[in-house]
Amino acid sequence: MAKRKREGNIREAEASTFAKSSTAVQVEAEIDLDQFDQYSDGFDQDEDESETDEQDEELEKPEKSASSENKKRKFQGKTTHLADELRNLQEAALLYKSNIFKMEIDALLAELKVDELKTKPVDRVLHKLKDFIESIPESPEFLLADAEKAIRKTGVSIPFPDPKPSKDVQYRFKFAPPSEFNLSGSYILKTMVKDPQHFSVDVIVSMPDSLFTEKDILNYRYFHKRAFYLAYIASQLNQNGRSDFKIQYDLLDGDFLRPVLRLDSLKEREEYDFHKAKCFIRIIPSISSDVFPLSKLGPSRNCVRYEVGNDLAMKPTAFYNSSVLSDLSHFDSTVFLNKSIRTCDGFRDACKLGYIWLRQRGFSSSVAGGGFGLTEWSVLMAVLLQGGGNQGARVLARGFSNYQLFKATLNYIASTDLTATPVSLNSDGLDFDKNDFNGTPILIFNDSNYNMLYRMSPSSYDKLRHEAALTVSELNDVNGDQFDSVFTQRVSSNIYQYDLTLHFQFTAPDKVYRDSGHIFNPSFASDLLSKAYQILKRGLGSRASLISLEYSDCPPWKIMSRKPAAIEGTTFTVGLLLNSEESEKLLTQGPSAEDKQSAAEFRAFWGEKAELRRFKDGSITESVVWSPSKEYNIVAQIAKYLFDRHFGSHILKGFAVGHANLTAYFNSDSDLGNSDALAQFQKNQDGFDMLRKLLIDIDDLPLRVHNVVGASDRLRYASVKAPVEYVLNDEQGLSEVVIELETTSKWPEDLKAVQYSKAAFLLAIGESLARLEPGIECRSGLDCDLDTIQNFAYLDVLMPIGYGYRVRIQTDRETAMLKNYKADKDLGFAALRSLNKDFTLLSRHTTEFSTFCHRFPFLSATVRRVKKWFHSHFLSPQVEDVVIELITLSIFLMPRPWATPNSPTTGFLRTLHFLAQWDWRADPLILDADGSLSVAEIQNIREAFRTQRESDPDMSHVAMFIAINYEKSGIVWTQERPSKVVCARITALARASCALIQTSATRSLAMDEYAQLFVSRLSDFDFVLYLEKRVEASGTSDSASLGYPPPVEALCVESDLYFRELESVFEGTALFFKDSTRNNAIAGLWNPRILVDRPLKVYLGYSSRPLSNRSITANTAAMVAEMANLGGDLVWRVEQKKVKDANDA
């Protein structure tokens, strides 16, 4: 679905106020509607709906004398209609987040609504299916061998769950026509939506009570008979190997104890064709509540007898018992939900919104999908309409809109721990210990003590609450429209969602699971991940804030085949959200040595890695020490060690870290892989702090230094290369510093004189610094011609600590004079813009961004990687460093729909994802750095963006619009560049990068494949000038090369001077690109305007050549030759594409 951005924000306080006022009476006055329950099984004959209302349909013709009265009546009607519309708008603003949000929700629901015309064939097929199954004759009773033989003859296999019945069992298998035939689930309740995987139509066939005995509740006998019953229906549908459907077995909600029949449409069977409905039919066997005593199916009861020691023989089988209860609860849950739909107008749509939200986050009712899908969401909402709050109070009101129901349910999930405080509508309360479910949340809606959430694991429940909390936080934000991130954006992604992903496979179930483990969890994969979760939860502790374990559902299988092995070929994924303050600590500290029992448990868990250590405070504790590694980070090392120790190599088949080769690529980079980068940034910052103190201490100047601020990416932890000592052959090696002097009115009235005065101040400052600190070396320099109103002087200061700084002066007087400069208004405006951008705003940005780097520990590493990507694609001169930094910062300030990234690799990948998705043509990027932007301020910024687009629809001057608290105009950093062409290239490159990264979801990428992310195809450009690298910027210079002052030729980077010269000479003719980290080539694109044939004209501004038709065109070859000549021996090779002339054909 295309991304849609809307405007308009209404505070949530208004919505909640309305909810309390308008629904309070309704909730209090609500009556018991059980007496009105009229549930239809979905198979009632179509009623004649041809009733017509014939009362007073004839209209009398008005007389001419009554024409004025009719006009008045029409006017009143229009007025009433307008009043209704206004009332609806007001109601929408109160019941929803805003009018726009309501419109978005309505559009989404309309777009995903299932076309009822396309489901009519489904109804026809269901009636035929009902008649067919009810007509199947009763079978004789079979012993096991006879039953398998009879079914096998029809080409069908019986889907017995494990363990299969032993050959000597004496109980009988039999088929009898179902006692009831009903529909259940979303289809009959009309809560289904369009689904890429198709939605299910659930048909419940109730197996007659006579087929079972009370003992069938034990030792899988019920499930074995259930599997035979299902296979017998399949054999009848598949007579002679020919069926009107594609018939397969499938697992009901991923439960290995409960297979079902899945019927998909076959187009060639026209009578039974329902493929346009994009659904499939599931035949689900069930039983009535009278078959088994409900008291024996409580979660604290044991229904599987086994011999593994007396202490385990009667352990409660909560999962087994819940699976049986689930089969007798289909009808009850449908009636329960049907009542809520009839009594709450917004319930059905709220179910759809909940399902969409869950689907985007990878949740479903299956065990592998977390055990929480549409059914569980719907039942939870229905329960909260009746209770669930403090002292059983209702959490939801029946007058809530669909959005209010949706949000309140999410808030309940996020804020209420159902493992600690179970919710039950059972009139007798809980008659079992909540610990019987081993950390599973508990939700009971009837008197059978059936836990709707028994398929959830502690891991999936933690993830559900985490996602709910993130979404509630989004919906509470009144400063933006979060519709897309809540409903339309795919959130479940191992690539972007987690800070660290681990992948592994296992060979086969171990002996413990084969002997008894399967009794408590029929899925080895689920059981395995439960153990892995407990191990990681204990081993990682506070290092990880979320541990998510995922695997794929067991796919449907052919009815003639055996059920696929639960573990065969399954890849398990562990997704981790890390705690930035704890994840990289090298020590895991355990209990005190004096606590003998805890210490013994610690050593048993950690094995040979555990050791006693004495700390500075004198304490002696059990500890585990880890060492930094380029292969795995600390968390990955811990996980691998624990898996090897507790599962063993005979079970653990493989272990891999997601994007490990991308991380390895970064580590191998000479700039990004520098493990001492943070220390070097800090040393540079220390040198700056020392310089600032010295400057402020100077007291022999006419004006004292009032403030000293940094204005360099090296002072905000954002340069690709970490600062190094005395890199004088690269101007970028010196960190820019801006000083502000005391305010005075005695500055000269002439701007040029002001610049000379600033130069004099710098000379005096250099002399004063030399007196204050003898180890400091200073040298003054000029940026440009002295005859200018702009700043031209600087002072290079080399601190004894080994780092250099370039100091400039800013004055308030200068700003005021430039605003009133009338000699040349364009020159004055350009100088003012440069002063504001390069001094005031850049220094403010440096201060703010360095603060963010401390607030977000992985922001620095992330932005350096993102800059590396930009530079590698020859975008360096076309995109300001600040623009890259703000785009990267947005991933940390506005990480929605995910959590804030706590690894540089994840931050880098999310930034590429954002660049690939961001529609910069229609959407501004607004960053609220500290949460201080008001709704009005944000609206003003958006209005400024609209005004900018209206005044410049072709985006000739501003393509990207990026605003932040301290720069609300949104255009300071993006004016003129990046151009529309460059922005389009950024988007295209980001999408290509994301496409490559997406392949890592299906296979592991090698390091050289990840390296392609940082390789730009030079064939995309019209011409390329390859340069000799004349002067190397190196941070490893020996002391002999540290002489100061350096040679004049060493004070510049020739490629930068050459690049600026090309831009000046060929302005408007070509667009130039280069990689400023390597400076090995300059690439260019011709302006398409000059490639068009045109009549002869003088002063074109570019070289041209005549054509045969008395017109001219650009002489691109000559211009490239001029460029090469301009570079002299700096250019050693030239490549140029052949430009196709307009008259070539």
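**Quick notes on the overall build of the protein chain**
Each helix and strand in the protein chain was counted, giving 32 helices and 29 strands. A buried classification covers 53% of the 1145 residues belonging to the protein chain. Taking all contacts inside the protein chain whose residues are at least 6 apart in sequence as the whole, residues at least 24 apart take part in 72%. Per element, the accessible surface of the protein chain, about 53000 Å² overall, is 49% carbon and sulfur.

**Observations concerning the confidence of the model for the protein chain**
Confidence in the prediction of the protein chain, expressed as mean pLDDT, is 84, and 85% of residues score 70 or more. Within the protein chain, helix α1 (residues 12-28) has the poorest average pLDDT of any element, 33, and helix α26 (residues 881-893) the best, 96. Taken together, the stretch residues 45-66 has pLDDT below 50 and engages in one contact with residues farther than four places along the chain or on a different chain. Note on residues 1031-1051: pLDDT is under 50 here. Beyond four places in sequence and across chains, it has 26 contacts.

**Notes on the sheet that holds strand β8 (residues 500-506)**
Spatial strand order, β9-β11-β8-β15: four strands in an open sheet with antiparallel pairing. Of all the strands in the sheet, just β9 (544-550) and β15 (652-657) have a single pairing partner and so form its edges. Across the sheet, the mean angle from the axis of one strand to that of its neighbour is 20 degrees, orientation sign disregarded. With respect to the sheet, helix α14 (residues 458-476) is in contact with β9 and β11 (572-578), its orientation differing from that of β9 by roughly 120 degrees.

**Here's the deal with the pairing of strand β28 (residues 1111-1114)**
The pairing of strand β26 (residues 1094-1095) with β28 spans two bridges and is classified as antiparallel. Bridge pairing in β28 places P1095 opposite S1111. Judged from the three bridges that link them, strand β27 (residues 1104-1106) and β28 form a sheet pairing that is antiparallel. Within β28, the residue paired with R1105 across the bridge is T1113. From the end of β27 to the start of β28, which pair antiparallel, there are four residues, and R1110 there has a positive phi angle of about 65 degrees.

**Some words on the side chain of D255**
Relative to the helices and strands, D255 resides in strand β4 (residues 255-265). Among the polar contacts made by the side chain of D255, one reaches the main-chain amide nitrogen of L257 at a distance of 3.0 Å.

**Overview of the nonpolar core**
Core analysis: the biggest nonpolar cluster contains 135 residues, and L261 and F487 have the highest contact counts within it. The element best represented in this core is helix α7 (residues 221-237), accounting for eleven residues. Those residues within four positions of F487 in sequence are excluded, and the remaining contacts are F101, I105, L108, L353, I356, Q360 and F406. If you look at the next biggest cluster of nonpolar residues, it comprises 116 residues, including L741, A759, I789 and F914.

**A look at helix α11 (residues 347-360)**
Owing to its 3.6 residues per turn, the α-helix aligns residues three or four sequence positions apart on the same side. Helix length check: α11, at 14 residues, gives a terminal C-alpha distance of 20 Å against a target of 20 Å (1.5 Å per residue), a fit within 8%. In terms of burial, α11 is largely enclosed, as twelve of its 14 residues are buried. Burial in α11 covers these residues: F347, A350, C351, K352, L353, G354, Y355, I356, W357, L358, R359 and Q360. Where the residues of α11 are buried, they touch α3 (99-112), α10 (330-343), α12 (374-384), α13 (402-415), α14 and α15 (483-488). With its phi angle positive at about 80 degrees, G362 sits one or two positions after the end of α11.

**With respect to the packing of aromatic side chains**
The geometry of two aromatic rings is summed up by the distance between their centres and the angle between their planes. In this structure the tally under the stated criterion is 56 aromatic pairs. Taking 5.4 Å as the distance between ring centres and 55 degrees as the angle between the ring planes, the aromatic pair formed by Y171 and F173 counts as tilted. Note on F175 and Y232: the rings are 4.9 Å apart at their centroids and 15 degrees apart in plane angle, and the pair reads as stacked. Of the two residues, F175 is situated in the loop between α5 (144-153) and β1 (180-184) and Y232 in helix α7; the sequence distance between them amounts to 57 residues. Exposure class is identical for F175 and Y232. Each is buried. Of the aromatic side chains, those joined through ring pairs into one cluster are F142, F160, Y171, F173, F175, F228, Y229 and Y232. A cation over a ring is seen here: K463 above F363, with NZ or CZ 5.5 Å from the ring centre. Of note, R538 hangs over the ring of F605, and the distance from its end group to the ring centre comes to 4.4 Å.

Reading the values: rules and limits
- Residues numbered from 1 in each chain as written.
- Predicted model: local features only at pLDDT ≥ 70, side-chain atom pairs only at ≥ 80, totals over all residues.
- Heavy atoms only, no water.
- Helix = DSSP H or I, 4+ residues; strand = E, 2+ residues; numbered from the N terminus.
- Buried < 20%, exposed > 50% of the residue type's maximum accessible area, 1.4 Å probe, protein only.
- Contact = heavy atoms within 4.5 Å.
- Areas by Shrake-Rupley, 256 points an atom, 1.4 Å probe, with all protein chains shown as cover.
- pLDDT = per-residue confidence, 0-100.
- Pairing = 2+ DSSP bridges.
- Axes fitted to C-alpha atoms, helices over the stretch in contact; angles between N-to-C directions.
- Polar contact = N/O pair within 3.5 Å; in protein donor to acceptor, adjacent residues only side chain to side chain.
- Core = buried A, V, L, I, M, F, W, Y, C linked by side-chain atoms within 4.5 Å.
- Expected span 1.5 Å × (residues − 1).
- Phe/Tyr/Trp six-rings, centres within 6.5 Å; stacked < 30°, edge-to-face > 60°.
- Lys NZ or Arg CZ within 6 Å of the ring centre and 35° of its normal.

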